[in-house]
Amino acid sequence: MTDRYCVFGHPIGHSKSPAIHTAFAEQTGEALEYIAIEAPLDDFAGAWQRFVAAGGRGANVTVPFKEDAFRCCEVLSHRARRAGAVNTLILGGNGKNHDFKVYGDTTDGVGLVRDLAHHGIELKGARILVLGAGGAVRGVLEPLLAAAPRSLQVANRTAAKAEALANDFDDLGAIVGSGFEAVEGPFDLVINGTSASLSGELPPLPDALFSTGAGAYDMMYGAEPTVYLRWAADQGATPMDGLGMLVEQAAESFFQWRGKRPHTAPVLERLRRSL
């Protein structure tokens, strides 16, 4: 019997998740079907329940439903509890244990850290700046701090929001929050977790931001480098977009569902060619 999975979002037509998970299934020999579903903005829980009633075994969840998914779960991973959001719903464990508890996890941070490792970025002892204080940033702070950086600063247009976020995670390591105006380099890695790239805008950043050999990461991706990555390259940093993070977080979700870890490099290469 073919197990059914999906990704929920609104909108969702642009999603690359069906292509990614179909490739993972082919690679690992797993029999599954994976589709995209545009859930109603006011009824995510109903969309999930209808999918389960139709035989669904698990789902990925993207904006704007990650907090709704969190509330649907009976059991949460520690990283999902920290993030206050869920991007991976698992019915009955790994898809082969057919109980009916809803498990929730968030794989975004794991995906980011693994992609950075593929790029050769050393996080231990690094000075890290993360731009933004929304859900995308909250979901990656625990794995970043677990890598034992020298320091991690969260900067946001509204300083109070960054400060509150840093307070939520300060038991895990050296983290502070501030407004953009308080940012002073140099940093070894600067991660853009704001939505500025979607509108072609650049957060207000000082020029002397990057140390020698620093990396610049944007959680967004596209056929062309984002305005942030172009600016960072002009400053001498190594630019990296978020396509690898997308594939790596999907691989972690697949592992949670099926107990098999797919090879991500060929899938990432195929996606990159299709942009």
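Coordinates for the structure precede this section.
Residues numbered from 1 in each chain as written. Predicted model: local features only at pLDDT ≥ 70, side-chain atom pairs only at ≥ 80, totals over all residues. Heavy atoms only, no water.

Glancing now at unusual backbone geometry. Looking along the chain, the bond that leaves H10 and enters P11 is cis, with omega of 5°. Residue V63 is joined to P64 through a cis peptide bond whose omega torsion reads 5°. Unusually for a residue other than glycine, A148 sits at a positive phi of about 60°. Within the fold, A148 resides in the loop between α6 (135–146) and β8 (151–156). (Helix = DSSP H or I, 4+ residues; strand = E, 2+ residues; numbered from the N terminus.)

Bringing the pattern of salt bridges into the picture now. This model, assessed by the stated rule, comprises 16 salt bridges. Among the ionic pairs, R82 bridges to D171, the shortest N-O distance being 2.4 Å. Here the residue R82 occupies a position in helix α4 (residues 78–83), and D171 occupies one in the loop between α7 (159–169) and β9 (175–179), the gap between them amounting to 89 residues. On the accessibility criterion, R82 (25% relative accessible area) is partly exposed. (Salt bridge = Lys/Arg side-chain N within 4 Å of Asp/Glu carboxyl O. Buried < 20%, exposed > 50% of the residue type's maximum accessible area, 1.4 Å probe, protein only.)

Interaxial distance between α6 and α7 falls to 11 Å at its minimum, and their mutual angle equals 40°. Classified by the interaxial angle, the pair formed by α6 and α7 is oblique. At the point where α6 passes α7, the crossing takes the right-handed sense. When α6 is examined against α7, the residues V137, R138, L141, E142 and L145 are found in contact with a partner set consisting of L165, D168 and F169. When the residues that make up the contact of α6 with α7 are grouped by side-chain class, the tally is five nonpolar, no polar and three charged. (Axes fitted to C-alpha atoms, helices over the stretch in contact; angles between N-to-C directions. Parallel < 35°, antiparallel > 145°, perpendicular 65-115°, else oblique. Left-handed = near helix turned anticlockwise from the far one by under 90°. Contact = heavy atoms within 4.5 Å. Nonpolar A, V, L, I, M, F, W, Y, C, P; charged D, E, K, R; others polar.)

The subject of this paragraph is the nonpolar core. The biggest cluster of nonpolar side chains holds 25 residues, and the ones touching the most others in it are L112, L144, L152, V154 and I191. Mapped onto this core, the elements with two or more residues apiece are α5 (108–118), β7 (127–131), α6, β8, α7 and β10 (187–192). Of the residues forming this core, the biggest block, five residues, is contributed by α6. (Core = buried A, V, L, I, M, F, W, Y, C linked by side-chain atoms within 4.5 Å.)

Read from one edge of the open sheet, six strands run β2-β1-β3-β5-β6-β4, paired in mixed fashion. Every interior strand has two partners, whereas the edge strands, β2 (32–38) and β4 (75–76), have only one. Pairing of strand β1 (residues 3–9) with strand β3 (residues 56–61) involves five bridges; the strand directions are parallel. Across the sheet, the residue bridging to R4 is G56, located in β3. Where helix α9 (residues 243–258) meets the sheet, its contacts fall on β1, β2, β3, β5 (88–91) and β6 (102–105), and the angle it forms with β5 comes to roughly 10°. (Pairing = 2+ DSSP bridges.)

Evaluation of the coordinates by the stated rule reveals eight aromatic pairs. Ring centres of Y5 and W257 lie 4.6 Å apart, and the angle between their planes is 35°; this geometry places the pair in the tilted category. Placement of the pair is Y5 in strand β1 and W257 in helix α9, with a sequence separation of 252 residues. An identical accessibility class is assigned to Y5 and W257; each is buried. Ring geometry for F8 against F51: centres 6.0 Å apart, planes inclined by 85°, an arrangement best described as edge-to-face. Placement of F8 in strand β1 and of F51 in helix α2 (residues 44–53) is noted, with a sequence separation of 43 residues between them. Here F8 matches F51 in class, with each residue buried. Taken together, the aromatic side chains of F8, F44, W48, F51 and F65 make up a single cluster linked through ring pairs. The ring of F255 has R261 sitting right over it, with the charged end atom 4.0 Å from the ring centre. (Phe/Tyr/Trp six-rings, centres within 6.5 Å; stacked < 30°, edge-to-face > 60°. Lys NZ or Arg CZ within 6 Å of the ring centre and 35° of its normal.)

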